[in-house]
Amino acid sequence: MIILKKLAITASLLWGMNMLMHVLPAYSETRGEMLYSLHCKSCHTSKIHWREEKLATNWFSLKAQVSRWQSNIGLGWDENEITDVTQYLNTIHYHFQITDKNNLATGNK
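This report concerns the structure included in the present document. As the structure is a prediction and not an experimental result, all values here were calculated from the model.

Reading the values: the criteria
- Residues numbered from 1 in each chain as written.
- Predicted model: local features only at pLDDT ≥ 70, side-chain atom pairs only at ≥ 80, totals over all residues.
- Heavy atoms only, no water.
- Helix = DSSP H or I, 4+ residues; strand = E, 2+ residues; numbered from the N terminus.
- Polar contact = N/O pair within 3.5 Å; in protein donor to acceptor, adjacent residues only side chain to side chain.
- Core = buried A, V, L, I, M, F, W, Y, C linked by side-chain atoms within 4.5 Å.
- Buried < 20%, exposed > 50% of the residue type's maximum accessible area, 1.4 Å probe, protein only.
- Contact = heavy atoms within 4.5 Å.
- Salt bridge = Lys/Arg side-chain N within 4 Å of Asp/Glu carboxyl O.
- Axes fitted to C-alpha atoms, helices over the stretch in contact; angles between N-to-C directions.
- Parallel < 35°, antiparallel > 145°, perpendicular 65-115°, else oblique.
- Left-handed = near helix turned anticlockwise from the far one by under 90°.
- Nonpolar A, V, L, I, M, F, W, Y, C, P; charged D, E, K, R; others polar.

## Some words on the side chain of K63
With respect to the helices, strands and loops of the structure, K63 is situated in helix α4 (residues 59-72). Within the structure, the side chain of K63 is placed 3.2 Å from the side chain of T83, a separation counted as a polar contact.

Okay, structure coming up:
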């Protein structure tokens, strides 16, 4: 009887974990959007990303602007958070070409 209870509990836990994995998105896929929504979106509407005189003209200048503004308002983001927000903005608004995925974090050309 105890073995059946343990088996039922294990099966329930595995089923529950499996269901959560299908519902929850991967952490790094949405962190950039979450950070941008919480800290930037109240001032930065989509219009700022489409203006004529935008400062971001490629991946590296976009990342520099994200880094600059997070520093200006004292967020203290680490390199991964800056990269996640940059990647989110690039996907949604800019569509700059990234030729080397290793350069995402470092910003090296």
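On we go.
## Brief notes about the nonpolar core
One finds W77, V85 and L89 to be the most contacted residues of the largest nonpolar core, which totals 14 residues. Those elements that place two or more of their residues in this core are α2 (27-39), α4 and α5 (79-94). Excluding residues within four positions of it along the chain, V85 makes contact with G32, L35, Y36, V66 and W77.

## Things to note about the pattern of salt bridges
Overall, the coordinates contain two salt bridges when judged by the stated rule. Between R31 and D84 there is a salt bridge, with the nearest N and O atoms lying 2.5 Å from each other. A residue pair is termed long-range when its members are at least 10 positions apart, and R31 in helix α2 and D84 in helix α5 qualify at 53 residues. Grouping residues by exposure puts R31 and D84 together as buried. The salt bridge partner of K63 is E79, with a shortest N-O separation of 2.6 Å. Of this pair, K63 sits in helix α4 while E79 sits in helix α5; the two residues are 16 residues apart in sequence, bridging distant segments of the chain. By relative accessible area, K63 is classed as buried at 7%. Taking relative accessible area as the criterion, E79 reaches 40% and is therefore assigned partly exposed.

## Quick word on the packing of α4 against α5
Axis separation between α4 and α5 bottoms out at 9 Å; the angle between their running directions is 125°. The orientation of α4 relative to α5 falls into the category oblique. Both α4 and α5 take part in a crossing whose hand is right-handed. Residues W59, L62, K63, V66, S67 and Q70 of α4 touch α5, and the partners they reach there are E79, I82, T83, V85, T86, Q87, L89, N90 and Y94. Broken down by class, the residue content of the contact of α4 with α5 amounts to seven nonpolar, six polar and two charged.

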